[in-house]
Amino acid sequence: MSFAEAATLGISMVAVSLGMFNRLELPLPSLPSLPSSAPSAEPPLTLLICGGSTASGMAGIQFAKLAGIIVIATCSPRNFYFVRNLGADAVFDYHSPTCGADIKRLTRNGLCRAWDCTGKNLDLCAAAMSDDKPGLYASLDCNDLLADSARLAEMNRMVQYQEVMRCWDALGDFYFWYGRNAMYPDPSEMEFYREFLKLSQPFLEAGLVRPPRMKLNMLGSGLDGVLMGLTHMLRGGKAYESPEWYALRVNINQGPRWMKKRAKEGRRKEKHPGGSSTIPEPGIHEEDDGSSPHIGDYSTEHSEPSKTQTL
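Residue numbering note: each chain is counted from 1, following its sequence as written. The predicted nature of this model means local features are confined to residues of pLDDT at least 70 and side-chain atom pairs, given and counted, to a pLDDT of 80 or more, with totals for whole chains, interfaces and linings taken over all residues. Only hydrogens and water are set aside when side-chain values are computed; all heavy atoms of the structure are taken into account.

Chemist: Please provide a residue-by-residue account of the pairing of strand 1 (residues 46-50), values included.
Modeler: The rule is simple: take the accessible area with a 1.4 Å probe, protein chains only, and divide by the maximum for that residue type; under 20% is buried, over 50% is exposed, in between is partly exposed. Runs of E in the DSSP output that reach at least two residues are strands. Runs of H or I that reach at least four are helices, and both are numbered from the N terminus. In terms of burial, strand 1 is a largely internal element, five of the five residues being buried. By the alternation rule, side chains of strand 1 split into Thr 46, Leu 48 and Cys 50 and Leu 47 and Ile 49, which are all buried. By the bridge criterion, five bridges tie strand 1 to strand 2 (residues 70-75) in an arrangement that is parallel. Its bridge partner lying in strand 2, Ile 49 is registered against Ala 73. In this view, the connection linking strand 1 to its parallel neighbour strand 2 by way of helix 3 (residues 55-66) has right-handed handedness. Whether two strands pair depends on DSSP finding at least two bridges between them. Strand direction decides the pairing type here: strand 1 and strand 4 (residues 113-116), joined by three bridges, are parallel. Following the sheet pairing, Leu 48 is matched in strand 4 by Ala 114. Handedness of a crossover: with both strands directed away from the viewer, a clockwise path from the first strand across the helix to the second marks it as right-handed.

The following block contains the structure:
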């Protein structure tokens with residue numbers, strides 16, 4: 001696996017570990033062993049992954065299969081072959097108005113786990129999941145947690161809406177949730193992710209989990225390529241079948257002041273581990289002179305633009 005391929009796994013691993021296995025209470029993957037003659041006491045679990053051709057969906061399919069789970073995925077028809085090749089047992093076109101009903105028919109009203117990698121398939125999952133057995137729904141994104149949870153309860157009262165995963169919990173540093181509330185990382189989330197990484201290492205070394213297919217530097221290299229890619233999307237350019245990735249080389253010593261400060265703090269922590277850390281109050285940032293990535297007052301949801309500000 002190349003460095004560029006390995007770099008594509010970061011967010012996917014967090015999403016799969018915390019968003020899929022932890023939130024949906026799935027059995028963890030294990031290395032393939034010799035087939036046993038003894039029949040399994042319980043039937044295999046079935047999981048619906050909406051967005052099977054996304055980076056998180058690709059990783060989710062592979063890890064779910066290693067856990068012995070039957071995987072049903074949704075994606076565009078042009079990605080059917082690719083998603084099946086990753087291990088999906090059945091693939092459906094999410095554009096179809098009968099997609100949810102078709103999945104429910106296939107599973108005989110027995111689907112109890114659904115993972116939405118796009119955050120836009122709540123209705124589809126509610127229609128596909130069992131309406132007489134308790135189930136769990138998890139999403140990587142949502143517009144309004146309370147509203148979406150209430151809407152899911154109206155569509156399928158047997159399905160429980162799980163709390164949305166916050167990737168920052170896995171990093172161990174405090175963060176600002178929705179720009180205003182300073183949040184401590186959840187220690188249990190960090191521990192689960194750490195253990196999942198240890199568990200995943202043999203799969204990666206054995207080539208049992210493939211990185212997302214990628215197109216590197218499609219529209220140019222470096223930051224220029226990133227800007228070209230963003231411009232292409234903003235102008236309504238056609239989306240490519242594979243995610244686009246751009247390689248950047250960053251020289252910390254030539255970067256902005258906030259980057260140098262972060263690097264200096266990291267080196268100091270390595271020399272003096274165990275030091276105390278404090279969380280600044282929202283809206284209060286030392287040396288907030290425009291060089292910090294956190295600019296502005298987090299104590300208000302909306303601020304009035306100044307007369308000289310360009311909208």
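Chemist: So what's going on with the pattern of salt bridges? Which residues, and what values?
Modeler: Should a side-chain nitrogen of Lys or Arg be within 4 Å of a carboxyl oxygen of Asp or Glu, the pair is scored as a salt bridge. For the structure on display, the rule yields eight salt bridges. Asp 123 is the partner of Arg 151 in a salt bridge, and the nearest nitrogen-oxygen pair spans 2.4 Å. Of the two residues, Arg 151 is situated in helix 7 (residues 145-155) and Asp 123 in helix 6 (residues 122-128); the sequence distance between them amounts to 28 residues. Through salt bridges with shared partners, one network takes in Asp 123, Asp 148 and Arg 151.

Chemist: Any chance you could break down the state of the cysteines for me, citing the residues and the numbers?
Modeler: Only a pair of cysteine sulfur atoms within 2.5 Å qualifies as a disulfide here. For the structure shown, the criterion picks out zero disulfides. Cys 99 provides the cysteine sulfur closest to Cys 75, a residue in no disulfide bond, and the two sulfurs are 9.7 Å apart. With a relative accessible area of 2%, Cys 75 lands in the buried category.

Chemist: Which residues make up the confidence of the model for the chain, and what values go with them?
Modeler: Here pLDDT means the predictor's own confidence in every residue, given as a number from 0 to 100. Mean pLDDT over the chain: 77, with 70% of residues reaching 70 or higher. Contacts are residue-level and defined by heavy atoms, with any inter-residue pair within 4.5 Å sufficient. Confidence drops under a pLDDT of 50 for residues 276-311, and excluding neighbours within four residues, the segment shows 37 contacts in the predicted structure.

Chemist: Tell me about the sheet that holds strand 6 (residues 159-161), residues and numbers included.
Modeler: Strand order in the open sheet made by the six strands is 3-2-1-4-5-6, with parallel pairing throughout. Where the open sheet ends on each side, the last strands, each with one partner, are strand 3 (90-93) and strand 6. Strand-to-strand twist in this sheet, taken as the mean axis angle between neighbours without regard to direction, amounts to 20°. The strands touched by helix 2 (residues 10-22) are strand 1, strand 4 and strand 5 (135-139); relative to strand 4, the strand with the most contacts, the crossing angle is about 140°. Between N-to-C directions, angles cover 0 to 180 degrees, with each direction set by a line fitted to C-alpha atoms, over the stretch in contact for helices.

Chemist: Report on the packing of aromatic side chains, specifying residues and quantitative values.
Modeler: Stacked, tilted and edge-to-face are the three classes applied to pairs of Phe, Tyr and Trp rings, where Trp contributes its six-membered ring and a pair requires centres within 6.5 Å; stacked means planes under 30 degrees apart, edge-to-face means over 60, and tilted covers the rest. Overall, the coordinates contain four aromatic pairs when judged by the stated rule. Taken together, a centroid distance of 6.2 Å and an interplanar angle of 75° make the contact between Phe 63 and Phe 203 edge-to-face. In this pair, Phe 63 sits in helix 3 while Phe 203 sits in helix 8 (residues 187-205), placing the two residues 140 residues apart along the sequence. For Phe 63, a relative accessible area of 0% corresponds to the buried category. The rings of Phe 21, Phe 63, Phe 196 and Phe 203 are connected pair by pair, giving a single aromatic cluster.

Chemist: Describe the layout of surface pockets, and please don't skip the residues or the numbers.
Modeler: In this structure, the second largest pocket spans a volume of roughly 390 Å³. Within this scheme a cavity is a closed region of a 1 Å grid, computed over the protein atoms alone, that accommodates a 1.4 Å probe without allowing it to escape, whereas a pocket is open but has protein on both sides within 12 Å along at least five of seven lines; lining residues each have an atom within 4 Å of a point. Lining the second largest pocket are 17 residues, with Pro 43, Pro 44, Leu 45, Thr 46 and Gly 110 positioned closest to its centre. For this classification, the nonpolar set comprises Ala, Val, Leu, Ile, Met, Phe, Trp, Tyr, Cys and Pro, the charged set comprises Asp, Glu, Lys and Arg, and every other residue, Gly included, is treated as polar. A per-class count over the lining of the second largest pocket returns eight nonpolar, five polar and four charged. Grid points are joined across faces, edges and corners, and a volume is the space filled by probe spheres set on the points.

Chemist: Run through helix 8, naming residues and quoting values.
Modeler: For an α-helix, 3.6 residues make a turn, and residues three or four places apart therefore share a direction. The span expected for a helix works out to 1.5 Å for each residue beyond the first. For helix 8, which comprises 19 residues, the first-to-last C-alpha distance of 28 Å matches the rise-based estimate of 27 Å (1.5 Å per residue) to within 8%. By the largest-angle criterion, Leu 199 marks the main kink of helix 8, which is about 30°, and a proline, Pro 202, follows within four residues. Three or more residues of helix 8 are buried, namely Glu 189, Met 190, Tyr 193, Phe 196, Ser 200 and Phe 203. Lining the buried residues of helix 8 we find helix 2 and helix 3. At the exit of helix 8 stands Gly 207, carrying a positive phi of roughly 75°. Bend, at a single residue, is the angle you get between axes fitted to the 7 residues ending at that residue and the 7 residues starting at it.

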